[in-house]
Amino acid sequence: MPKKTKVLIVDDHRVVREGLSAILETKDDIQVVGEAKDGGEAVEQARLLLPDVILMDVSMPGMTGIEATRIIKREFPHIGVVALTMYEEQQYIFDLVRAGATGYLLKDCDSAQIIAAIRTIAKGESLIHPELLSNLVSESLITRRPDQWLCFQCHR
């Protein structure tokens, strides 16, 4: 039996956490190992559960997703962090990439895109929307070469 990708869901809205969990649990290769309602809980759960991938909301009360990502990636560089947010402003994206996020999705994406992102990040690859990628490259914020990032729409 192939290894399941362990996922931690972090969002301050319970309905979002429950909805994502329900969607992900339908996949044979993905296991939701925990949920957190803020950045502080995300750090605690990451330490306890050692997920492969974290779906991380950006804007939460207390510790933000950016701060939590920074701490988690410093302690566990192998954990993939996918920012899942409604914000498409470049500053949020820049801050998340600097913090170590390896993926960036908007909350208006569909469930198939979230599942594809989890699988991509679990393989050690990075994923970002192509429109955002060129801005990040021009700002020299990407630590990987542009050809090492997968295009969000075409996966190449």
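The rules behind these values
Residues numbered from 1 in each chain as written. Predicted model: local features only at pLDDT ≥ 70, side-chain atom pairs only at ≥ 80, totals over all residues. Heavy atoms only, no water. Helix = DSSP H or I, 4+ residues; strand = E, 2+ residues; numbered from the N terminus. Buried < 20%, exposed > 50% of the residue type's maximum accessible area, 1.4 Å probe, protein only. Salt bridge = Lys/Arg side-chain N within 4 Å of Asp/Glu carboxyl O. Core = buried A, V, L, I, M, F, W, Y, C linked by side-chain atoms within 4.5 Å. Contact = heavy atoms within 4.5 Å. Axes fitted to C-alpha atoms, helices over the stretch in contact; angles between N-to-C directions. Parallel < 35°, antiparallel > 145°, perpendicular 65-115°, else oblique. Nonpolar A, V, L, I, M, F, W, Y, C, P; charged D, E, K, R; others polar.

K.L.:
I'd like to hear about unusual backbone geometry, residue by residue, with values.
P.N.:
Of note, Leu50 is a non-glycine position whose phi angle comes to about 45°, a positive value. Its place among the elements puts Leu50 in the loop between α2 (39–49) and β3 (53–56). Exposure remark for Leu50: the relative accessible area of 37% places this residue in the partly exposed category.

K.L.:
Just give me the short version of the pattern of salt bridges, but keep the residues and values in it.
P.N.:
A side chain with one charge can pair with a side chain of the opposite charge if their charged atoms come near. In this structure the tally under the stated criterion is eight salt bridges. The partner of Arg119 in a salt bridge is Asp29, with the nearest N and O atoms 2.7 Å apart. On the criterion of sequence distance, the pair formed by Arg119 in helix α5 (residues 111–122) and Asp29 in the loop between α1 (14–24) and β2 (30–36) is long-range, its members being 90 residues apart. The residue Arg47 makes a salt bridge to Glu75 at a minimum N-O spacing of 2.5 Å. A residue pair is termed long-range when its members are at least 10 positions apart, and Arg47 in helix α2 and Glu75 in helix α3 (residues 65–75) qualify at 28 residues. One network of salt bridges, with partners in common, ties together Asp11, Asp57 and Lys107.

K.L.:
Describe the nonpolar core, with residues and values.
P.N.:
In terms of nonpolar packing, the biggest core is built from 18 residues, with Val7, Ile9, Leu24, Leu55, Leu105, Ile114 and Ile118 touching the most fellow members. Those elements that place two or more of their residues in this core are β1 (5–10), α1, β2, β3, β4 (80–85) and α5. Per element, the largest residue contribution to this core is five residues, and it comes from α5. In this view, Val7 contacts Leu24, Ile30, Gln31, Val32, Val33, Gly34, Pro51, Val53, Leu55 and Ile118; residues no more than four positions away in its chain are not counted. Judged by nonpolar contacts, the second largest core, of 15 residues, contains Leu8, Ala46, Met60 and Ile72.

K.L.:
Can you lay out the packing of α1 against α5 for me, pointing to particular residues and giving the numbers?
P.N.:
Packed helices, taken two at a time, are described by the angle between their axes plus the distance between the axes. α5 packs onto α1 with a crossing angle of 70° between their chain directions and a minimal axis gap of 11 Å. Taken together, the axis directions place α1 and α5 in an arrangement best described as roughly perpendicular. Each of Leu20, Ile23 and Leu24 in α1 lies in contact with α5, whose residues at this interface are Ser111, Ile114, Ile115 and Ile118. Of the residues contributing to the contact of α1 with α5, the split by class is six nonpolar, one polar and no charged.

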